[in-house]
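Summary of the model geometry
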Amino acid sequence: MKIVVLLSAGAHPVSSAPVLPRLEAQALRLALALGETTGLHAGPSAAPAADALGHGLGLLTHLATREGDDPIPALVAALKAETPDLVLAGRRGQGGEETGLAPYAVAAALGVTIVADAVALAPGAAPGSLVVEQALPKGARRRLVVRLPALVTVHPGAPAPGAYAYGVARRGRVDTIWGVAGSAAEPNPIAVEERPYRPRPKLMRSAPGTGSAAERLAAATGGMASSGANVLVQPTPDEAARAILEHLRRIGVLAPAVANKPAA
Amino acid sequence: MTRVRRDPRADRRAAQIASLDRPRFDLAGRAADGGPGRPRRNPRTEFAALRVTGAARPRFDRQHRGEGAVAQVVSAASTPNVIVVDAPAFLVAVVPDAPGGRLTQHDRQLFGAARTLAGAHGAVAALVAGEIEGLGAIGADRVAALASTQNYAPDVTAAALASAFAALSPRHLLFPETPDGGDLARRLALLTGEPLFPDVEQLSATSVSRAARGKRVAQRAAPARLMTLGADVVAPYSGPAREGRSEPLPTAEVSAPAITDARRIPADPATTPLTVADFVVSAGNGVTDIEAFRRLAEALGATPGASRVLCDAGLMPRASQVGASGSVLTATCYLALGVAGAPQHLQGVAGCEHVVAVNTDLHAAMIERAGLAIVQDAQLVMPALIAALESERAS
Ligand SMILES: Cc1cc2nc3c(=O)[nH]c(=O)nc-3n(C[C@H](O)[C@H](O)[C@H](O)COP(=O)(O)OP(=O)(O)OC[C@H]3O[C@@H](n4cnc5c(N)ncnc54)[C@H](O)[C@@H]3O)c2cc1C
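Since the structure is predicted, the reported quantities are computational estimates derived from the model, not experimental observations. (Residues numbered from 1 in each chain as written. Chains lettered and ligands numbered in written order. Predicted model: local features only at pLDDT ≥ 70, side-chain atom pairs only at ≥ 80, totals over all residues. Heavy atoms only, no water.)

Brief notes about the overall build of chain B
Along chain B, the regular secondary structure elements total twelve helices and 18 strands. Restricting to contacts in chain B with at least 6 residues of sequence separation, those with at least 24 account for 57%. Surface summary for chain B: the accessible area is close to 20200 Å², and the carbon and sulfur share equals 53%. Charge-centre separation for chain B: the mean point of 41 positive side chains lies 16 Å from the mean point of 38 negative side chains. (Helix = DSSP H or I, 4+ residues; strand = E, 2+ residues; numbered from the N terminus. Contact = heavy atoms within 4.5 Å. Areas by Shrake-Rupley, 256 points an atom, 1.4 Å probe, with all protein chains shown as cover. Lys, Arg positive; Asp, Glu negative; His and termini not counted. Charge placed at Lys NZ, Arg CZ, Asp CG, Glu CD.)

Focus: the overall build of chain A
Looking only at helices and strands, one finds seven helices and 13 strands in chain A. When the 264 residues of chain A are sorted by exposure, 42% land in the buried category. Relative to all contacts within chain A whose residues are 6 or more apart in sequence, the contacts with residues 24 or more apart total 64%. Accessible surface, chain A as shown: approximately 13000 Å² in total, 58% of it carbon and sulfur. (Buried < 20%, exposed > 50% of the residue type's maximum accessible area, 1.4 Å probe, protein only.)

Focus: the domain arrangement of chain A
You can read the domains of chain A as domain 1 (2-178) and domain 2 (226-255). The C-alpha-based centres of domain 1 of chain A and domain 2 of chain A are spaced at 48 Å. (Domains from an automatic or database assignment.)

Observations regarding a nonpolar patch on the surface
On the surface, A:V231, A:V233 and B:L362 cluster together into a nonpolar patch covering about 230 Å² of accessible area. Mapped onto the fold, A:V231 is located in strand β13 (residues 230-233). (Patch = residues over 30% accessible without salt bridge, like charges linked within 9 Å, V, L, I, M, F, W, Y side chains within 5 Å. Salt bridge = Lys/Arg side-chain N within 4 Å of Asp/Glu carboxyl O.)

Considerations on the site of the ligand
All names here are of chain B. Taken together, 25 residues lie near the ligand, and N285, S307, S325, A340 and D377 sit nearest. Between an oxygen atom of the ligand and a main-chain N or O atom of R308, the distance comes to 2.9 Å. Between T360 and the ligand, the recorded distance is 3.3 Å, taken from a backbone N or O atom to a nitrogen atom. In the complex, 69% of the free accessible area of the ligand, which totals 980 Å², lies under the protein chains. Within the residue set of the shell around the ligand, elements represented by two or more residues are α9 (308-312), α10 (343-349) and α12 (378-394). Taken together, the residues of the shell around the ligand sort by class into seven nonpolar, 15 polar and three charged. (Near = heavy atom within 4 Å. Polar contact = N/O pair within 3.5 Å; in protein donor to acceptor, adjacent residues only side chain to side chain. Nonpolar A, V, L, I, M, F, W, Y, C, P; charged D, E, K, R; others polar.)

As structure tokens, this is what we get:
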């Protein structure tokens, strides 16, 4: 399987120094376990993305573009020429606009399927297919079978990146070629005004804006949830068990009982 | 700036009352007429108005919100009025996640945000696949049904959304910034060519903002057409119920999905961290049979938790402690066995939607917090629950 990992020049979350984003190092680990992998980076300098060589990447193709150019056309042109089976990317950029739209734009331009938020990849049973495990909220997963070619974005819950080794990085190779000159990146189709970021207080769940002081206190500590509470005093253990199971099924945390149960 | 100069003689003349024998002046009455000077306050009547009615001992609500709130509840109960928007000036569409047909807290907040954007003249339209109850109550004026796909097929859903977007042409279309909602929003942005303003962190009727460049800058803009909303940004809609009238949609052409098979794998309770678990069963000091508790957690498929007493005693691992000095839960359901409900413990449970408590003490705080409370010995209820689950499995 021919795999290309899209590598970007991210900014370090603390120091803002250019680094390889962690998500892309995770994507690289998934790719290396799956098959023959190369890296692809479009931008003025390959230095940050070249960190991927230390994580075990053999060849990084650097599409040189001018500072401030849109990298998407260069990436799309290179991928069209190479026709990989699988393209991997991080789910969000790091240090840029962080809209997460770039993988979708590449997939749309290539006309391939996109699958988001993978945490595990495996070759499928049928040839030309891939089993993708997607991360869902609350620890759940979804296992998909996808026809190749496809573009898969990687979730932070994927296995941690492989270790960086200096010797391995020295053995890797960077090929620099001129990328397709795209137009200068559009500033942003939405007119935005930028100001320094200020963290906002999170909304307090279940805190009503109105009500008496006593009601507001009760809501803040979760006391309001019990309005109309259902209290069973000294039921037999079997009654209690039935009431609990029924309640759990009604709120949907417990799988429904076997369908033929009431008839039995 | 200079103050307006007052002429005390003119003021005095203005306060003069016509009388026959001698000059008389109404100096106090001027304030009541809105004349110069501060209005007079009667502190006693104001304080009496702060008194909360119905309390056994005198209580005073100094923020003075009590009476209004009580009056509001009474009127809402007597007239269950539904707000109808007949000819909306524009639509604000919402695509809730609703996994398994159940609205999440994030979905409710999404409707709150849509309501803010719609104001008095717009209508909120919910775009949902399949049947979802209670959309009107959380603020939907219209409900449009998308063709539901049997399996997970985001490309097909995105195509259906694109045709709904063209048919309804809403002023705004909102998604939750969750794995599924965020994915759909980005697919739709590419399909329609409409720019996306993702992961909104602050929202008002006139502006939205989000963090960018590693949370170094905040980008602020007028509300965009396509937006995704982060969690806990806007409060859910809390006004009177809305109509939830169904809105017809043209049927979209369905293409063959590229994903050939999809299967949901439920979270493994043994490896899910407490903070993200969906269903937590926890034991308190009232549970003496820890072995039965472990078997119950396994039978229910729930993540086991514990109160501090059990963790201190070494009966449960420290990682399973729920509360202020343990894990703060985000579970949908919390089943507490023999937990008294100390404030430090309840802080960890404050985010749970449903609480079930089993306790021998009717007056325990946990019983008060619970939606379903069982006053019974936990050592009797646990085996009964395990037996009930086993007999269901056997039949
Ligand atoms: C700084 C600080 C931080 C703390 N942080 C935490 C924290 O993070 N998490 C935490 O949990 N605690 C914390 N605590 C401890 C907390 O104050 C309580 O002491 C503790 O939560 C009580 O645990 P419990 O409800 O299991 O035990 P108890 O208070 O002993 O309550 C046992 C309950 O079980 C019931 N019961 C008894 N027998 C049975 C039976 N056979 N069947 C059913 N019910 C029965 C009783 O009626 C009682 O309600 C903290 C305390 C401090 C001072």
